[in-house]
Amino acid sequence: AAPGEFTLDGSGDDGALLQVTADGTLTTRASGMPNPNAIATLPGGTVVVSDDTAALYVDGGLWSDAVPSPNGMAVDGDTLYVVSTFVADPPLWAVPINDGVAGTPVEVTRFETGDTPDGVALDADNGLWVALNAPGAIVQMDLTDGTITDRIEGFTTPASLSFGDLSAAPCTLYVTELYGTRVL
């Protein structure tokens, strides 16, 4: 991670959000999260951490427990998109953000049981992409009606997604695999 960016330490029962300082030192920003998984930065700079077994946290404190099994997240304006992973017919949620406070989540769509949605990323055109572990696919979602508009298959177990610098390489999608050894 580059200076100013964040990373997670999920070891033990006291997961932590760490920030990289200019000299490369890791500084603990928050702790006390049982199973930290993904990071999203809200408008205004507040950092939300998902715990895929329990809740969403900010600064180590509860932000919302209304999304079951929250995992991958992406922010689009005043909405935080979150996928649930370890539930039947796992949903994609839209959580309104009101001055940094979580509103009531709205279900956008549901995936099939066994799809195991994981990482989430927004492209330069605000298209939302979701990694589906079990079928080895990445899908693009139409957020207006929850339909899948594109599907790329052939991955082992896609997990985390991230687009490159949106100003320089808006079409470069990086994919890590849960049980693979590749970054694609």
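Residues numbered from 1 in each chain as written. Predicted model: local features only at pLDDT ≥ 70, side-chain atom pairs only at ≥ 80, totals over all residues. Heavy atoms only, no water.

**Here's the deal with the overall build of the protein**
Inference 1: Across its full length, the protein carries zero helices and 18 strands.
Inference 2: Every one of the 184 residues in the protein was classed for burial, and the buried ones make up 45%.
Inference 3: Put simply, 28% of the contacts in the protein that link residues at least 6 apart link residues at least 24 apart.
Inference 4: As presented, the protein carries roughly 8700 Å² of accessible surface, and 49% of it is formed by carbon and sulfur atoms. (Helix = DSSP H or I, 4+ residues; strand = E, 2+ residues; numbered from the N terminus. Buried < 20%, exposed > 50% of the residue type's maximum accessible area, 1.4 Å probe, protein only. Contact = heavy atoms within 4.5 Å. Areas by Shrake-Rupley, 256 points an atom, 1.4 Å probe, with all protein chains shown as cover.)

**Points about the sheet that holds strand β6 (residues 56-58)**
Inference 1: An order of β4-β5-β6-β7 is seen for the four strands of this open sheet, with the pairing classed as antiparallel. Two strands lie at the open edges of the sheet, namely β4 (36-41) and β7 (61-64), each paired on one side alone. The mean angle between the axes of side-by-side strands here comes to 35°, regardless of whether they run parallel or antiparallel.
Inference 2: As paired strands, strand β5 (residues 47-51) and β6 are joined by three bridges and run antiparallel to one another. Bridging across to β6, Val49 finds its partner in Tyr57. (Pairing = 2+ DSSP bridges. Axes fitted to C-alpha atoms, helices over the stretch in contact; angles between N-to-C directions.)

**Let's talk about the sheet that holds strand β14 (residues 128-132)**
Inference 1: Overall, antiparallel pairing links the four strands, which are arranged β13-β14-β15-β16 in an open sheet. The open sheet has two free edges, formed respectively by β13 (117-122) and β16 (147-153), since each of these has just one partner strand. Neighbour to neighbour, the strand axes of the sheet diverge by 25° on average, direction disregarded.

**Brief notes about the environment of Val47**
Inference 1: Along the chain, the position of Val47 falls in strand β5.
Inference 2: Here the alpha-carbon distance between Val47 and Ala30, two residues 17 residues apart in the chain, equals 9.9 Å.
Inference 3: Contacts of Val47, omitting those with residues within four sequence positions, involve Phe6, Leu17, Arg29, Ile39, Ala40, Thr41, Tyr57, Val58 and Asp59.

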